Amino acid sequence: LFGEKTKILENWIKGERYIFSTVNNKNLTGYYDLNIGNRQKYKMKVSGPVAKPKFQIIQKDSVIADIDATVKENLITLAFNLDKEKERNKIRLSGWEVGQAEYEGRGQLATGKYVDWSANRTGLLKEEKKEKKDSQKKEEKEEEELPLIEDVIYPFQAYGYKDKNRPQKKSALITNATVWTNESDGIIENCDVLIKDGKISKVGKGLNTSADIEIDGTGKHVTCGIIDEHSHIAISRGVNEWTQQSSAEVSIADVVNSEDVNIYRQLAGGVTAAQLLHGSANPIGGQSALIKMRWGSTPEEMKIKGADGFIKFALGENVKQSNWGDDNTIRFPQSRMGVEQVFIDHFSRAKTYKSTSGKKRRDLELDAIAEILDKKRFITCHSYVQSEITMLMRVAEQFNFNINTFTHILEGYKVADKMKEHGVAGSTFSDWWRYKYEVMDAIPYNGAMLHQMDVLTSFNSDDAEMGRRLNQEAAKAVKYGGVSEEEAWKFVTLNPAKILHLDDQMGSLKAGKDGDVVVWSGNPLSSFSKAEQTFVDGVLLFDIEEDQKLRRQIQIDRNRIIQKMIDFKKNGGSTKKPKPKSYHLWHCDDTNHSGGHGHGHEDDED
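All residue numbers here refer to positions counted from 1 along the written sequence of the relevant chain. Where local features are concerned, this predicted model is filtered to residues with pLDDT of at least 70; where side-chain atom pairs are given and counted, the filter is 80 or more; whole-chain, interface and lining totals use all residues. Only hydrogens and water are set aside when side-chain values are computed; all heavy atoms of the structure are taken into account.

Participant: What exactly am I supposed to notice about the state of the cysteines here?
Facilitator: Simply put, disulfide is the name for a covalent bond between the sulfur atoms of two cysteines. When two cysteine sulfur atoms are found within 2.5 Å, that pair is recorded as a disulfide. Evaluation of the coordinates by the stated rule reveals zero disulfides. The closest cysteine sulfur to the non-disulfide-bonded C191 is located on C224, 14 Å from its own sulfur. By relative accessible area, which is 1% here, C191 ends up buried. Relative accessible area decides the class of each residue, using a 1.4 Å probe on protein chains only: under 20% of the type maximum gives buried, over 50% gives exposed, and in between gives partly exposed.

Participant: Sorry if this is basic, but what is going on with the sheet that holds strand β9 (residues 102–108) here?
Facilitator: Strand pairing in a sheet takes place through backbone hydrogen bonds and is either antiparallel or parallel in direction. Here eight strands make up a closed barrel; going around it, the order is β3-β4-β5-β6-β7-β8-β9-β10 and the pairing antiparallel. This sheet shows a mean twist of 30 degrees between the axes of neighbouring strands, independent of strand direction. For strand β8 (residues 91–99) and β9, the ladder comprises seven bridges, and the chain directions are antiparallel. Paired with G95 across the strands is G105, a residue of β9. For two strands to count as paired, DSSP must find a minimum of two bridges between them. Helix numbering and strand numbering both begin at the N terminus, where a helix is a DSSP run of H or I of at least 4 residues and a strand a DSSP run of E of at least 2. Angles shown run from 0 to 180 degrees and are taken between the N-to-C directions of axes, each axis being a line fitted to C-alpha atoms and, for helices, limited to the stretch in contact.

Participant: Just checking my understanding: could you explain the pairing of strand β15 (residues 199–204) for this structure?
Facilitator: Two faces, one strand: in a regular strand the side chains alternate between the faces of the sheet. In the sheet, strand β14 (residues 187–196) pairs with β15 via five bridges, with the strands oriented antiparallel. Bridge assignment links L194 to a residue of β15, and that residue is K202. The antiparallel hairpin formed by β14 and β15 contains two residues in its connecting segment, where D197 sits at a positive phi of about 55 degrees.

Participant: Explanation requested: the sheet that holds strand β21 (residues 289–292) in the structure shown.
Facilitator: With respect to topology, three strands assemble into an open sheet ordered β18-β19-β21, the strand pairing being mixed. Strand pairing shows two members of the sheet lacking a second neighbour, β18 (226–231) and β21, which therefore form its edges. Between one strand and the next, the sheet's axes are offset by a mean angle of 15 degrees, whatever the strand orientation. Bridge count for β18 against strand β19 (residues 271–276) is four bridges, and the pairing is parallel. Within β19, the position partnered with I227 by the bridge is A273.

Participant: Before we go on, may I ask you to explain a nonpolar patch on the surface in this structure?
Facilitator: On the surface, I8, I13, Y18 and F20 cluster together into a nonpolar patch covering about 440 Å² of accessible area. Along the polypeptide, Y18 turns up in strand β2 (residues 16–19). Put simply, a patch holds well-exposed residues, over 30% relative accessible area, that have no salt bridge, with like charges counted together within 9 Å and Val, Leu, Ile, Met, Phe, Trp or Tyr side chains within 5 Å. Exposure was quantified through the Shrake-Rupley algorithm and a 1.4 Å probe, taking into account, for residues, occlusion by the shown protein chains and nothing else. Salt bridges, as used here, are contacts in which a Lys or Arg side-chain nitrogen is within 4 Å of a carboxyl oxygen on Asp or Glu.

Participant: What am I meant to see in the layout of surface pockets here?
Facilitator: Gaps left between atoms are located by rolling a probe of water-molecule size over the structure's atoms. Counted as a void, the largest pocket has a volume near 1,300 Å³. Elements supplying a minimum of two residues to the lining of the largest pocket: β12 (161–162), β28 (531–536), β29 (539–543) and α11 (544–570). At 13 residues, the largest contribution of residues to the lining of the largest pocket is made by α11. With a 1 Å grid spanning the protein atoms alone, the term cavity applies to any set of points in which a 1.4 Å probe fits but cannot get out, the term pocket to an open set with protein on both sides within 12 Å along at least five of seven lines, and the term lining residue to any residue with an atom within 4 Å of a point. Grid points are joined across faces, edges and corners, and a volume is the space filled by probe spheres set on the points.

Participant: Help me understand the pairing of β29, please; the structure alone is not making it clear to me.
Facilitator: In terms of burial, β29 is largely enclosed, as five of its five residues are buried. Where β28 and β29 come together, four bridges link them in antiparallel fashion. Bridge pairing in β29 places F535 opposite L540. Hairpin connection between β28 and β29: a loop of two residues separates the two successive antiparallel strands, and D537 in this loop has a positive phi of roughly 55 degrees.

Participant: Would you explain the pattern of salt bridges in this entry?
Facilitator: Where charged atoms from two side chains of opposite charge come close, those side chains can pair. Summed over the entire model, instances satisfying the criterion amount to 32 salt bridges. Taking the shortest distance from any N to any O, the salt bridge between R551 and D547 comes out at 2.6 Å. In this pair, R551 and D547 are both assigned in helix α11, four residues apart and thus about one turn of the helix distant. Bridged by salt links that share partners, the residues K199, K292, R294, D514, D516 and D537 form one connected network.

Participant: For this particular structure, what's the right way to read the nonpolar core?
Facilitator: Most often, soluble globular proteins keep nonpolar side chains buried together rather than apart. Nine residue types can take part in a nonpolar core, namely buried Ala, Val, Leu, Ile, Met, Phe, Trp, Tyr and Cys, and a core is a set of them joined through side-chain atoms within 4.5 Å. With 44 residues, the main nonpolar core has L276 and M293 as its most contacted residues. Of all elements in the fold, only α1 (261–267), β19, β21, α8 (470–479), α9 (485–490), β27 (517–520), β28 and β29 reach the threshold of two or more residues within this core. Judged by nonpolar contacts, the second largest core, of 37 residues, contains V319, I389, M393 and M419.

Participant: Could you clarify how one ought to interpret the confidence of the model for the protein in this entry?
Facilitator: Atom-level detail of predicted coordinates should not be read off regions where pLDDT is low. Confidence of the predictor in every single residue is expressed as pLDDT, which spans 0 to 100. Overall, the prediction assigns the protein a mean pLDDT of 89, with 91% of residues at 70 or greater. Contact criterion: two residues are considered in contact whenever any of their non-hydrogen atoms come within 4.5 Å of each other. Throughout residues 127–146 the model reports pLDDT below 50, and contacts reaching past four residues in sequence, or to other chains, amount to 36 contacts. With pLDDT under 50 throughout, residues 595–606 is counted as low confidence; its partners more than four residues away or in other chains account for 41 contacts.

Participant: Would you mind going over the packing of helix α3 (residues 336–355) against helix α4 (residues 364–373) with me for this structure?
Facilitator: Orientation of α3 relative to α4, taken along the N-to-C sense of each, is 95 degrees, at an axis distance of 9 Å. Compared by their axis directions, α3 and α4 come out roughly perpendicular. Residue-level inspection shows H346, F347, R349, A350, K351, Y353 and K354 of α3 in contact with α4, the latter providing E365, L366, D367, I369, A370, I372 and L373. Nonpolar residues are Ala, Val, Leu, Ile, Met, Phe, Trp, Tyr, Cys and Pro. Charged residues are Asp, Glu, Lys and Arg, and all others, Gly as well, are polar. In terms of residue class, the contact of α3 with α4 is made up of eight nonpolar, one polar and five charged. Just so you know how the angles are binned, under 35 degrees is roughly parallel, over 145 roughly antiparallel, 65 to 115 roughly perpendicular, and the rest oblique.

Participant: Is there a simple way to explain empty space enclosed by the protein in this structure?
Facilitator: Summed over the entire model, instances satisfying the criterion amount to one cavity of 30 Å³ or more. What lines the largest cavity is simply L28, Y32, M44, F55, I76, L78, Y103, W117 and A119. Mapped by element, the contributors of at least two residues to the lining of the largest cavity are β7 (75–80) and β10 (114–123). Taken together, the residues that form the lining of the largest cavity break down as nine nonpolar, no polar and no charged.

Participant: In this structure, what is going on with the packing of aromatic side chains? I would like to understand it.
Facilitator: The description of an aromatic ring pair uses the distance of the two centres, along with the angle that the planes make with each other. The rule is short: rings of Phe, Tyr and Trp, with Trp giving its six-membered ring, pair when the centres are within 6.5 Å, and they are stacked under 30 degrees, edge-to-face over 60, tilted in between. Counted by the stated rule, this structure contains 16 aromatic pairs. Geometrically, the ring pair formed by Y159 and Y264 is stacked, given 4.5 Å between the ring centres and 15 degrees between the ring planes. Linking Y159 in the loop between β11 (153–154) and β12 with Y264 in helix α1, this pair joins segments that are 105 residues apart in sequence. For the pair Y159 and Y264, one class covers both residues: buried. Note on W489 and W520: the rings are 6.0 Å apart at their centroids and 85 degrees apart in plane angle, and the pair reads as edge-to-face. Taken together, the positions of W489 in helix α9 and W520 in strand β27 put the pair 31 residues apart, joining distant regions of the chain. Comparing W489 with W520, the two get one shared label, buried.

Participant: Please clarify how the environment of Q533 should be interpreted in this entry.
Facilitator: Within the secondary structure layout, Q533 lies in strand β28. When the C-alpha atoms of Q533 and Y445 are compared, they prove to be 32 Å apart, with 88 residues separating the residues in sequence. If near-sequence neighbours (up to four positions away) are discounted, Q533 is found in contact with I215, V517, V518, V519, L540, F542 and D543. Among the polar contacts listed, one links the side chain of Q533 to the side chain of D543, at a separation of 3.2 Å. Pairs of N or O atoms are called polar contacts if they sit within 3.5 Å, as long as, within protein, a hydrogen donor faces a hydrogen acceptor (for residues adjacent in sequence, only side-chain-to-side-chain pairs).

Laid out in structure tokens, this is it:
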């Protein structure tokens, strides 16, 4: 009890056990067969005191590696390296006791590959015998040496490509598929699609040609790429410049983040293009950016060249700051009637600014608003309530232009006749509602009713996660309102292309249009179907089989980094507790501008 090295292991208070430390009381000494995966077999020796045994890998009576081992009750972890000159190639195993001196579990090779392992005692130390000279040589190690510095990948993010492996523009032939053309030909069975020089070259049966990439489309469906009319992915450090009632001078095009992993994830959902919109914190927001999902490209390369300019406007609770508490009661407007007056004031100022062009200092804000009056820039307006929807159409008509798109537009079914007369499109949700008061009257039939009134209608995401499954959102128009499958598919393809004035380039499978093509495992409106290949401008940027290879590479890279950390600590480096990072996916009403990359933004520590 009074020994110098004695430690209290546990105590009991009122029948409750408190454990401070544990020791191994099992005699594990002896020789073991250590089996890792299907091929690797080693001899393991355990010696030393029972409380602190020493684990070693031996070969022909020689120690070839010491094992870092931890035994705690019925759990065990082992880590060792067979080549002392290559410390980073460490094998790590963890498992549990399954019998008397028998263990099994799961582990990782130096490559990051997960394998099963087992160890069972074959003899005691006193029964030690020399191995026979004619024993078989151990099979070669499965893992390859890991380089200290990996290749640069594009983008520098998960699922990035090594420069030599970056997908290139190639010809592609998809044969014998069910092809959704979105043209007058409709849906064609047993049809072929040829992509050449980044464009759709031919669509038809029995195309007798060859291509760099040939895909047997038997049992598969082929469509054009999905277009998301309202997205907030791939934007750095915030979507709202919200400190004033108009921020028409700012542009999302200046902050496109081409390394956002959501670009790749949406390619995996068949999305090939999107409009990146400013948020809805002020009546007149910033200018938008139209992009292709060109994963691995620079921000500038992501943008669609020659596309028309768009700008975000907003109505309702966000712009009058209803939902942001008592700290936001200073900025004008604070009411719906104030929101209307903001529009009238700014259009009037822009009209005067145009008439005095060249006589006054240039105003970037009024430049953008003047472009609206000149029908060179087009409004996408965040909207919900019928009275405000009607109001903005009247304001636009007062200044002799039309609103291009009402987005969200969840009370659009109430004013569909007025929208048709004005000539405005509706980009709505399939079935999002009741997330704030002004959405209480939303119904799932909204999209179908707008479509039936000949209002150009699309479904958008406004959300990084929903953007990966817009094909399923389109299917809801079939369920809620009886829209035909072919017309419902246009809600996420041809219709948003028309809304964004891009239908001469994309939105259907027609010779001469961009090679934005998706191969689906089944009907694209089915929740069971997967996008197996996604082409953008004729470049295969997502392939479901290649995706599995990239996932394995990510695991290898992760394991390499972990081993670097282990080696750093082993060599005396200082350590610290992990610092969690909070990731945020941008939405219309986000006003936090901190952080910067990845999923949306990374919150700074308070």
